[in-house]
Amino acid sequence: MLALLGGVAVGSAVAVVEVRHETRSLFVTLETLRDDRDRLDTAWRQLQLEQGALAMQSRVERIARESIGLEPIAPENTTLIRLEPRRERQ
Amino acid sequence: MTRRAARSVTPPAWRRWMLLAVLLALPVVLLGRAVSLQLVDGPFLQGQGEQRHLRVESLPAHRGTIHDRRGRPLAISAPVDSVWANPRVIVQEASEPDITALARVLERDPAPLRAALAERRERAFFYLERHVSPELAERVAALDVPGVALQREYRRFYPTGEVSGHVLGFTNIDDHGQEGIERAYDDWLAGAPGAKRVLRDRHDRTIEDVERLREPDPGRDLTLTLDKRLQYVAYRELKAAVERHQAASGSIVLMDPDSGDVLAMANQPSFNPNRRSEMTGERYRNRAVTDRYEPGSVMKPFTVLAALRSGRYTPETVVETAPGVLQVGGHSVRDIRNFGELSVAGVLRKSSNVGAARMALSLDSGAVWQTLNALGIGEPTGLGLPGEAAGRLSPMPSQRPIERATLAFGYGLSVSTLQLARAYSAIAADGQLPTPTLIADGRRPEPRQVMEAQRAGQLRDMLTAVTRPGGTATQAAVPGYRVAGKTGTSRKAVAGGYAEDRYVSTFAGMAPASDPQFVAVVTIHEPQGDDYYAGPVAGPVFRALMGSALRLDNVMPDAPIERPALNIAGGESP
C-alpha cells in the first residue's frame, strides 16, 4: 500500500516537472509567434504608410497630368447613354 | 548467530570519535558557507541578483486606424522607437567615449547631455529622444552604451496630410487625441497597454519573457463618412480660391442631404497634422464648424419659404422693389440697384434686399424667425466635433420692424458653414432636416420634417435661376446639371457697425436640382480686390467640387437635353 502511494507521489512529481517544462516551452513558442505577429503588423503598417505616400492625390494628379497627359473629363467629350430601364433588364 | 553478536559487543573507540567528528563538522560547514555567502561574497551576489531581476514591462497598444468611407486609411499608428536611459547606470558604468558617441548619434552636444544625466543620477528613467527614425534607433542600439535602451511606442501618421487635417485633428506625443475626430473619439480609438513580466540583465535588456500579465488591447478602428477623393478636390479648390482672392480664410462643406453624411470638409488656412511644429490655433481651428458669421443673402430662401407658407405669396407674386431703397424705422435697406417690380422668384434670382424685407414685413412678426428656428439655426448640429459653434438666433422673435427686415436678408443672426449646409439639406431632402455626421456606421437620429416637400421643390425650382444666365452665380453652374443655390455677400460686423471693405462671400447650393444628391456650402472670408461678390469668388469652388462629386458618383445629368453641353446617345453605345 505504502509502496503504491509512494509510486503515485513520485509519478505525480515527475508529471508536475513535465508539465512545467511543457508550459515553459509552449510559452516560448507563443512569445515567438507573438513577436512574428507584431513584426508582420509593423511591416504592414509601414507598407500602408508607403502606399499612402505614393497614392497621395496631389502626386497621382501630377503624374496623370504631366507624365501620361490625362485631363479631367470635360462635358464636350462626354457621351451620355440613356438606357431604357426595360431594355436594360432583358 | 549468538557468536557473532557476542563478538560485536565492544566496537573500537575510534569509530565513535569519527562519527562525532563528522556530525560536528556538518554545522561548521553550514556556518562557514553562510559566512561566505553573507559576508564575503554578499555585495557581489546582491549586485548580480539585482541585475538579473524580474520587471514588469508595459506592452504598448496601437491606436485604431481611421478610414474614409471606402476604407482608405486617413490616420495610421506605426511603431517607432524612443531612446531612454537609466541615469543611475549610465553615470556609473558608461565611459566618456560612450557618452560622446551617444551624443553624436543623437546630434546633441556631449556636455549638456552629460550634465542632464548627472543631474538625474538618482532616477532610473529618462527619455533622451522620443520617436526616432528606425535608422537612428539602429545606430543607438549598435553603440551598446550601458543603461541606454529603446522603447517601443506608436506614432500617428496622416497619409493625407493637410488635406483632411481639420476633420481628423491630431494626437500629442503620448498618443492622446487633441483636436477633431482624434479628440472626440479618443476613448474609442485609444488602446489599453498590456503588461508582461520579464527577466532583465544589468543593462536593462530583456533576457527572457516570464509571463503575460495582461494582453495589450489595441484601439478600435473608425470609419468616417469622408470621401478621400472629394476631400482632396474640396481642399485643392478652396486653397486655390483663397490664394486667388488673397482671402483671410475659407471653409467648405459637402454633405449628402438625405443621410447627413459629411463627405468633405476643408478649411483655409490649414495645417499638416504630421508636423506638430506648424500648429497654431489660427491654423488648426476647424472653421467650418467653430466659426460663425452673419450669412447675408444666402438666408433669403428661408424668408421666401416663410412667405410661401403664409399662403399670401406664390413664386409668381409680384413684389415692388422700386426705388431700390426701403426706409424701415429710421434705417434704410438698400439694393445694389433699382430692380423695379420682381416676382418672388426674381427676388431670389436678383437677391433683392428690399424685396425680402418687404415680404418679411408683410408676414406675421414671428414667421421668418420660426422658419429659421425650425432649421436649427442657433443650436449645435450634433456633429460631435469639439468646439462646435451653436450660431446665434435671437431667443424670441423680435417685434421691431428693422430687426424683422434685416433677418429677412440674413443679418442679425449668425451661423457656421456646417449649419448652412444642414439648413440647405432640408431644401434638398424634401423638407427633412438631417443631423450631420462624420461617423459612417453611427446611429443617425431621425430627420425632422421642417418644411412641406412641395415647398422644398418650389424653392429648388426658384433657386436654379440663380445659376442660370441672369442670376447672381452663373459661375456655380455645373454643365449638364440643374444646380439650385444662393449667393450671399455680407459685410463683416466690426466694432461700431459694419466694415466697408471686409466681406464674407458664401455660396450654398445643391445638385442635381430635380433630386439633389449633394449639398455644398463655400464660405470665403475677406476676399481682396474688386471681385468680392459671392458669385465669382465662391461660385467656381462650388462648381469644381460639385462637378467632381456628380461625376465620381455617376449621377445622371438632369439638365434639359437641348443644352449643348453634352452629347446624348440613344440606347446603344456610339
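Just above, that's the structure.
These figures come from a predicted structure and were not determined experimentally.

**What about the overall build of chain B?**
Part 1: Scanning chain B from N- to C-terminus turns up 21 helices and 20 strands.
Part 2: C-alpha extents for chain B along the principal axes are approximately 150 × 65 × 60 Å.
Part 3: Classification of the 574 residues of chain B by burial places 46% in the buried group.
Part 4: Considering only intrachain contacts with a sequence separation of at least 6, the fraction spanning at least 24 residues in chain B is 71%.

**Thoughts on unusual backbone geometry**
Residue and element names in this part refer to chain B.
Part 1: Here the residue pair Ala 322 and Pro 323 is connected by a cis peptide bond, since its omega of 5° sits within 30 degrees of zero.
Part 2: In this structure, Pro 323 sits in the loop between strand E11 (318–320) and strand E12 (325–328).
Part 3: The omega torsion across Ala 511 and Pro 512 is -15°, close enough to zero to call that bond cis.
Part 4: Its identity is not glycine, yet Glu 107 carries a phi of approximately 60°, on the positive side.
Part 5: Mapped onto the elements, Glu 107 comes out in the loop between helix H5 (96–105) and helix H6 (110–119).
Part 6: Its identity is not glycine, yet Gln 246 carries a phi of approximately 45°, on the positive side.
Part 7: Residue placement: Gln 246 occurs in the loop between helix H11 (228–244) and strand E9 (249–255).

**Structural notes on the pairing of E12(B)**
Residues and elements named next belong to chain B.
Part 1: Pairing of E12 with strand E13 (residues 331–334), which is carried by four bridges, proceeds in the antiparallel orientation. Within the sheet, the bridge partner assigned to Val 328 lies in E13 and is His 331.
Part 2: Hairpin remark: E12 followed by E13, antiparallel, with two residues in the connecting loop; positive phi at Gly 329, about 50°.

**Remarks on helix H2 (residues 13–40) of chain B**
Helical periodicity: at 3.6 residues per turn, an α-helix aligns residues three or four positions apart in one direction.
Part 1: In a regular helix each residue adds 1.5 Å, so 28 residues correspond to 40 Å; H2(B) covers 39 Å between its end C-alpha atoms and thus fits that length.
Part 2: Little of H2(B) is tucked away, with zero of its 28 residues classed as buried.

**So, the environment of B:Gln151**
All names here are of chain B.
Part 1: Summarising the element assignment, Gln 151 is placed in strand E5 (residues 148–157).
Part 2: Judged by C-beta crowding, with 16 C-beta atoms within 10 Å, Gln 151 ranks as partly exposed.
Part 3: Separated by 157 residues in sequence, Gln 151 and Leu 308 place their C-alpha atoms 68 Å apart.
Part 4: Ignoring sequence-local partners within four residues, the contact set of Gln 151 consists of Asp 81, Ser 82 and Trp 84.

Cut-offs and rules
- Residues numbered from 1 in each chain as written.
- Chains lettered and ligands numbered in written order.
- Predicted model: local features only at pLDDT ≥ 70, side-chain atom pairs only at ≥ 80, totals over all residues.
- Helix = DSSP H or I, 4+ residues; strand = E, 2+ residues; numbered from the N terminus.
- Buried ≥ 20, exposed ≤ 12 C-beta atoms within 10 Å, placed from the backbone.
- Contact = placed C-beta atoms within 7 Å.
- Pairing = 2+ DSSP bridges.
- Expected span 1.5 Å × (residues − 1).

Bear in mind that shape data such as this cannot, by itself, settle questions of function.
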